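The lines below spell out each chain.
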Amino acid sequence: MKRISFKNRNIDVAGNIYLPNDFDQTGSYPALVLATPGSSVKEQIGAVYAEKLAERGFVALTFDPSYQGESGGEPRDLEDPAARVEDIRCAVDYLMTLPFVGEERVGLLGICAGGGYAINAALTEHRFKAIGTVVANDIGQAFRGMLPDVREALEEVGKQRTAEARGGVPRRDPWIPDGLREAEAAGITDPEVLEAVTFYRESRYRHPNSTNRLLFTSYGHLLNFDAFNLVPELLTQPLQVIVGGKRGNTGQYEAGQRLIELSPAAEKDFFVVERAGHYDMYYKLEYVNPAIDRLVPFYSKHLGV
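Residues numbered from 1 in each chain as written. Predicted model: local features only at pLDDT ≥ 70, side-chain atom pairs only at ≥ 80, totals over all residues. Heavy atoms only, no water.

(A) Local environment of the packing of helix 1 (residues 45-55) against helix 12 (residues 285-303). Where helix 1 contacts helix 12, the two axes come as close as 11 Å, and the packing angle between them is 50°. Of the possible angle classes, the one that applies to helix 1 and helix 12 is oblique. Once helix 1 is placed against helix 12, the crossing between them reads as right-handed. Contacts between helix 1 and helix 12 involve V48, Y49, K52 and L53 on the former and, on the latter, L285, V288, N289, A291, I292 and V296. (Axes fitted to C-alpha atoms, helices over the stretch in contact; angles between N-to-C directions. Helix = DSSP H or I, 4+ residues; strand = E, 2+ residues; numbered from the N terminus. Parallel < 35°, antiparallel > 145°, perpendicular 65-115°, else oblique. Left-handed = near helix turned anticlockwise from the far one by under 90°. Contact = heavy atoms within 4.5 Å.)

Structure representation (structure tokens):
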């Protein structure tokens, strides 16, 4: 693994690139860009999948989104779908500068919210020759469904922007409770939320660069985002959709079904990892490994190894 950086306009995006075990600088390799979940950093879910894909012969690039982690950009903790999608395009630009990456051998893997961002990027970024998703969701649809009143939320966003324009302090809210004790105190019983808290805040995958804070004004960008809009018209690449068999409130199974149904691709596949929940697919090897075993032949067929 090597630390790298690339530009998204004037922002320095920090990434890690994973190389195959038998890497030869003079060779030519298939490469994958990994788009990761909201609030996560490159050392978490992206690292799990990138390391395993590199072991199977791929160059794998994972990175911190603009405004988050070790990447630059102000204001901090902004989640802007337009920036996230452009990060992905700029990651391809970076790969095109590497002499050992085959220009026609680049694919894309998106996980959770990164799955929706990956699909949205792939609509117009046809340098990606094959697209995979794992427990993908459309973060715009998810947030619209999560909020009790979207219009009221947008009113609050406007008030907050006005306050900040007048010198007020930016508002940053937790994505999830900062620990299981806090979740319990808040009366949270949803098993998926508790699994998210366990993974991000109380497991060995907790990372100091993952702040668990969302700039409140991000809602103004998120609530009008539609990751799967124009899929029937523009998503022409081969598509591999992987979901966990255990359904829950993240809606990953249903989002995967919707995506596969919308896709006009001549080659597409829907694969269920039985008994796996959304967050199981982030790091538990008994569920990650079947996903990798499905992705590798898919990418090998369309990118070559």
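From this point, the discussion proceeds with the structure in view.
(B) Layout of the sheet that holds strand 4 (residues 59-63). Across the sheet, which stays open at both edges, the eight strands sit in the order 1-2-4-3-5-6-9-10 with mixed pairing between neighbours. Every other strand in the sheet has two partners, leaving strand 1 (2-8) and strand 10 (268-273) as the edge strands with one partner each. Across the sheet, the mean angle from the axis of one strand to that of its neighbour is 25°, orientation sign disregarded. Of the pairings in the sheet, the one linking strand 5 (residues 101-111) to strand 6 (residues 131-134) comprises four bridges and is parallel in character. Residue pairing for strand 6: L108 is matched across the bridge by I131. In this fold helix 10 (residues 252-262) packs onto strand 6, strand 9 (239-244) and strand 10, with an angle of close to 160° to the strand it touches most, strand 9. (Pairing = 2+ DSSP bridges.)

(C) Summary view of the pattern of salt bridges. A full pass over the atoms with the stated rule returns 21 salt bridges. Where K7 meets D12, a salt bridge forms, and the shortest distance between an N and an O atom there is 2.9 Å. Overall, D12 belongs to the partly exposed group, its relative accessible area being 42%. Salt bridges sharing common partners tie together R3, K42, E43, D64 and E70. (Salt bridge = Lys/Arg side-chain N within 4 Å of Asp/Glu carboxyl O. Buried < 20%, exposed > 50% of the residue type's maximum accessible area, 1.4 Å probe, protein only.)

(D) Just helix 10, in detail. What helix 10 keeps buried is the set Q252, Y253, A255, G256, L259 and I260. With its buried residues spanning 165° around the axis, helix 10 presents them on a single face. Contacts from the buried residues of helix 10 go to helix 3 (113-122), strand 6, helix 9 (231-234), strand 9 and strand 10. (Arc of directions from axis to C-beta.)

(E) Spatial organisation of the packing of helix 2 (residues 81-95) against helix 3. It is at 9 Å that the axes of helix 2 and helix 3 come closest, and there the two elements cross at 70°. As far as their axial angle goes, helix 3 and helix 2 are roughly perpendicular. The two elements helix 2 and helix 3 meet at a crossing, and its hand is right-handed. Counted together, P81, R84, V85 and I88 of helix 2 and G114, Y117, A118, N120 and A121 of helix 3 form the full contact between these two elements. When the residues that make up the contact of helix 2 with helix 3 are grouped by side-chain class, the tally is six nonpolar, two polar and one charged. (Nonpolar A, V, L, I, M, F, W, Y, C, P; charged D, E, K, R; others polar.)

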